[in-house]
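Spelled out, the chains give:
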Amino acid sequence: MARVGSTPSATRLIINADDFGISRGVNTGIVEVAAAGVVTSASVIVNLPDFADALDRALSVPRLSLGIHLNFTTGRPLTAARSLTRRDTGEFYTLPVLVARASLGLLDASDIEGECLAQIDRMIDAGFPPTHLDSHRHVHAHPAISSAVTRAAASRGILHVRVPRESLRINARDWRATLKKASLLIGARLSGRTGVNDHAPHFVGVSLQGGKSFAGRLFALIPQLPAGTTELMTHPGYADASLAEHDSYTLERVTELRVLCSREFRELLVRYGVTLTSFGDRRSNIPQEGQLAKHH
């Protein structure tokens, strides 16, 4: 079992699964890892067809803390959001186009805030008020988008908005991860979100993605976790045809699922005295009562 601790210096870990609702295969995988007591929180995409399936499955793991995975790059918006969508199809722009338009000042702040509120309210109306907010492909971290998203989250009482600041020293040999982390750090600085006292825990996850290398990177990370609370971004799931329509990160999710559910990972958490917590605990410093499930 993971050690239970409540002192200020305790090492606490929120293992968050992104993309809950992107496909039934991913939904199945996330619930499986949550039922094992490893994933403690999940972020839900609400504008895709398998959103309802995600919430149905979440009922089987009531301790799972559910947040909103704001989506501005896949499928259709819940509002008109004209500056976020293609005129010919009504679908969201692809990520490169969205980033370019945001950087050129072509996004309407009212579109951003309105669509964010609509996605949050869809979860609230379904009976699952979000405990936290992050976004698909980290779009909310863009300086031209972050302010409107932060206002929308605050208006609905969401205290935890992900700030994806991750050390460049972690897995520094992976130049793709390093480049992505550097761009996110620049975005955080330009958005004025550079402190750790804005309801944001430490963050890691970009450095770990990479299929077969996931296990080695994850196992090397755990002994280095700082005191306090860290959010670990993960993407467990099963690859299916629906997932491939929305995302290129497919078979790698199966690897993440197997590693997170492994006995070796659970034993590692125990060895280093890591306490699992979730965004459901708004203080993020007192662990929930649930412990790692014993799987043999």
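Residues numbered from 1 in each chain as written. Predicted model: local features only at pLDDT ≥ 70, side-chain atom pairs only at ≥ 80, totals over all residues. Heavy atoms only, no water.

### Topic: the packing of aromatic side chains
Here is step 1 of the chain: Taken as a whole and assessed by the stated rule, the structure comprises 2 aromatic pairs.
Here is step 2 of the chain: Arranged with centres 5.9 Å apart and planes meeting at 35°, the rings of Phe 72 and Phe 92 form a pair that is tilted. In this pair, Phe 72 is assigned in the loop between β3 (65–70) and α3 (95–103) and Phe 92 in the loop between β3 and α3, connecting sequence segments 20 residues apart.
Here is step 3 of the chain: Look at Phe 219 and Phe 265: their rings are 6.3 Å apart centre to centre, the planes differ by 35°, and that puts the pair in the tilted class. Within this pair, whereas Phe 219 is found in helix α7 (residues 214–221), its partner Phe 265 is found in helix α10 (residues 263–271), the two being separated by 46 residues in sequence.
Here is step 4 of the chain: With a relative accessible area of 27%, Phe 219 lands in the partly exposed category. (Phe/Tyr/Trp six-rings, centres within 6.5 Å; stacked < 30°, edge-to-face > 60°. Helix = DSSP H or I, 4+ residues; strand = E, 2+ residues; numbered from the N terminus. Buried < 20%, exposed > 50% of the residue type's maximum accessible area, 1.4 Å probe, protein only.)

### Considering the side chain of Glu 115
Here is step 1 of the chain: By the secondary structure assignment, Glu 115 is in helix α4 (residues 109–125).
Here is step 2 of the chain: Among residues more than four places away in sequence, those in contact with Glu 115 are Phe 72, Pro 77, Leu 78, Thr 79, Ala 81, Leu 84 and Phe 92. (Contact = heavy atoms within 4.5 Å.)

### Focus: the nonpolar core
Here is step 1 of the chain: If you look at the biggest cluster of nonpolar residues, it comprises 68 residues, and the most contacted ones within it are Leu 13, Phe 20, Leu 66, Phe 72, Leu 133, Leu 218 and Ile 222.
Here is step 2 of the chain: Apart from residues lying up to four places away in sequence, Leu 218 is in contact with Leu 208, Leu 232, Val 259, Leu 260 and Phe 265. (Core = buried A, V, L, I, M, F, W, Y, C linked by side-chain atoms within 4.5 Å.)

### Focus: the pairing of strand β7 (residues 228–234)
Here is step 1 of the chain: Of all 7 residues making up β7, 7 are buried, and the element is well covered by its neighbours.
Here is step 2 of the chain: Of the strand pairs in this sheet, strand β1 (residues 11–20) and β7 are connected by 7 bridges, and their pairing is parallel. Across the sheet, residue Asn 16 finds its bridge partner in β7, namely Met 233.
Here is step 3 of the chain: Note that strand β6 (residues 202–204) and β7 share 3 bridges and pair parallel. What sits directly across from Phe 203, in β7, is Glu 231. (Pairing = 2+ DSSP bridges.)

### Details of the environment of Asp 88
Here is step 1 of the chain: Structurally, Asp 88 is set in the loop between β3 and α3.
Here is step 2 of the chain: Asp 88 gets classed as exposed once you look at its relative accessible area, which sits at 58%.
Here is step 3 of the chain: A polar contact is formed between the side chain of Asp 88 and the side chain of Arg 86, at a distance of 2.8 Å. (Polar contact = N/O pair within 3.5 Å; in protein donor to acceptor, adjacent residues only side chain to side chain.)

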